[in-house]
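Close look at the chain arrangement
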Amino acid sequence: MGNDFSKGKVWRIIIAQSIPLILAQLVQLLYNVVDRVYIGHLPEVGTVALTGVGLAFPLTTLIAAFTNLFGTGGTPLFSIARGAGDEERAKKLMGNTFVLLVGTSIVLFALCYGFRRPVLYLFGASDATYAYADLYLKIYLFGTTFSMVSTGMNGFINAQGFPKIGMMTTLIGAVLNLILDPIFIFGLHMGVGGAALATIISQAVSAIWVLAFLRNDKAVLSLKRKYMKVSWSMTKEILSLGTAGFMVQGTNCAVQIACNMMLKAHGGSLGDIYVGVMTIINSVRDITTLPIHGLTNGAQPVLGFNYGAKQPGRVKQGIRFMAIVGIVYTFIVWGLVICLPNYFLGIFTSDQALLDIGRHALKIYFFGFCFMSFQFSGQATFTGLGFSKRAVFFSLFRKAIIVVPLTIFLPLTFLGVDGVFWAEPISNLVGGTACFTTMYFTVYRRLKE
């Protein structure tokens, strides 16, 4: 099978690509989730500290959005160029993406660091929670370049058929983070600041690993200095396709801001606790959607390669496999969340107030979770095959057009603060169904055997 995705059974290739990616993303998730677990269990201040870290999420999500803009834009184009046998174009795309990631990271650091105080209060911080949010953020931001390079460039390792090397990128960093977190948070009594410091050290090591491999001749196509320059024509292509990934994270940022503001406004005296609950729910969502993210991300280079190699039958096989596995998995997760809410919440807190409110909110938020798989499958197909306009539209449609307005409007109805949590399942049903149906009729059925 090797690095040629046009040979062998499609489902086996997708699994071979996906399993290392799922493990890698699991480890990547540990960067932030482990921080939240430790912070949530800090003696006496755990609840308010967890809420403070939750208030910093929109800015960290914004950094991830720009990483996706270039990473998910450059990588599919790179895969298509490889499939078409145009290695020179593939090398230029990789170098172009690297320069965009580094340059943007410097700008984001300056802006986020300089305006963090007014922005955090705008996001719903109180005087009690601001101190923890600011302490975490002002340290975390120094790792912006490391975070963007390690995540954004790792896709080029996977796209060359080295998913195990890609898995090691996050495995190395996350294991280091797991080791450093308790040392800095509890051993050196650094609290929230220790969690942030452990994260950026780990991200730095991951970035070094990525660049060491891509600069090495062991890569099929290595990252050469002569290709590290911006081509505006390629940048337009990268931005066009990567806008979908950007919108996914960018609208997540907007949703997080809207949720925190509405929970603070409609939660009354329990406003800070509701923000803490949403922080935990976001963490549970990140954990439970990880396998489907890994599956769809693993399928994208396979779909793109076969599309570039003019193998439409294999593309259709890949889409079918991705969709069926996604639906089955999300049904199972929905059942587990409904039956075991305390288990998921208890990972992050032992505070009874958070647990009492969280049980009810978690069941609402995950209602109809199976429809999320439709969004993932449709979006991955559009992105993997280079249909950028449709990918962008459905990214915007579910989050910006459905979730954000509902998050603002529903709490004003009889639902009250519960309306904030109902916005997500409604968007999964409407947005996910629309995305998958459009993909089926405009792409899948038009692929000729």
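Quick notes on the rules
Residues numbered from 1 in each chain as written. Predicted model: local features only at pLDDT ≥ 70, side-chain atom pairs only at ≥ 80, totals over all residues. Heavy atoms only, no water. Patch = residues over 30% accessible without salt bridge, like charges linked within 9 Å, V, L, I, M, F, W, Y side chains within 5 Å. Areas by Shrake-Rupley, 256 points an atom, 1.4 Å probe, with all protein chains shown as cover. Salt bridge = Lys/Arg side-chain N within 4 Å of Asp/Glu carboxyl O. Helix = DSSP H or I, 4+ residues; strand = E, 2+ residues; numbered from the N terminus. Expected span 1.5 Å × (residues − 1). Buried < 20%, exposed > 50% of the residue type's maximum accessible area, 1.4 Å probe, protein only. 1 Å grid on protein atoms, 1.4 Å probe; cavity = no way out; pocket = protein on both sides within 12 Å on 5 of 7 lines; lining within 4 Å. Points joined across faces, edges and corners; volume = space filled by probe spheres on them. Nonpolar A, V, L, I, M, F, W, Y, C, P; charged D, E, K, R; others polar. Core = buried A, V, L, I, M, F, W, Y, C linked by side-chain atoms within 4.5 Å. Contact = heavy atoms within 4.5 Å. Axes fitted to C-alpha atoms, helices over the stretch in contact; angles between N-to-C directions. Parallel < 35°, antiparallel > 145°, perpendicular 65-115°, else oblique. Left-handed = near helix turned anticlockwise from the far one by under 90°.

Now for a nonpolar patch on the surface. Taken together, Ile324, Val328, Ile332, Leu336, Leu340, Tyr343 and Ile347 make up a surface patch of nonpolar side chains, about 660 Å² in accessible area. With four residues, the top contributor of residues to the nonpolar patch is helix α11 (residues 312-339).

A few words on helix α7 (residues 163-187). Under the 1.5 Å per step criterion, the end-to-end length of α7 is 35 Å for 25 residues, consistent within 8% with the ideal 36 Å. Of all the residues in α7, the buried ones are Pro163, Gly166, Met167, Thr169, Thr170, Gly173, Ala174, Asn177, Leu180, Asp181, Phe184 and Ile185. Backbone geometry just downstream of α7 places histidine 189 in the positive-phi region, at approximately 55°.

This part takes up empty space enclosed by the protein. Tallied over the entire structure, the rule returns three cavities of 30 Å³ or more. When its volume is computed, the second largest cavity comes out at roughly 60 Å³. Every residue along the wall of the second largest cavity is listed here: Asn252, Val255, Gln256, Cys259, Met278, Asn282, Arg285, Tyr365 and Lys399. Contributing elements (two or more residues each) for the lining of the second largest cavity: α9 (232-266) and α10 (271-308). Top element by residues in the lining of the second largest cavity is α9. It accounts for four residues. Taken together, the residues that form the lining of the second largest cavity break down as four nonpolar, three polar and two charged.

Before going further, it helps to examine the nonpolar core. Grouped together as the largest cluster of nonpolar side chains are 124 residues, with contacts concentrated most on Met153, Leu214 and Phe421. Considering every element that reaches this core, the biggest residue donor is α10, with 15 residues. With sequence-adjacent residues up to four places away left out, phenylalanine 421 is seen in contact with Leu263, Tyr274, Val277, Met278, Ile281, Ala361, Ile364 and Tyr365.

Where helix α14 (residues 372-385) contacts helix α16 (residues 418-442), the two axes come as close as 7 Å, and the packing angle between them is 40°. Viewed along their axes, α14 and α16 adopt a mutual orientation that is oblique. For the element pair α14 and α16, the recorded crossing hand is left-handed. Where α14 approaches α16, its residues Met372, Phe374, Gln375, Ser377, Gly378, Gln379, Thr381 and Phe382 are matched on the opposing element by Glu424, Asn428, Gly431, Gly432, Thr433, Cys435, Phe436, Thr438, Met439 and Thr442. Residues that form the contact of α14 with α16 fall into these classes: six nonpolar, 11 polar and one charged.

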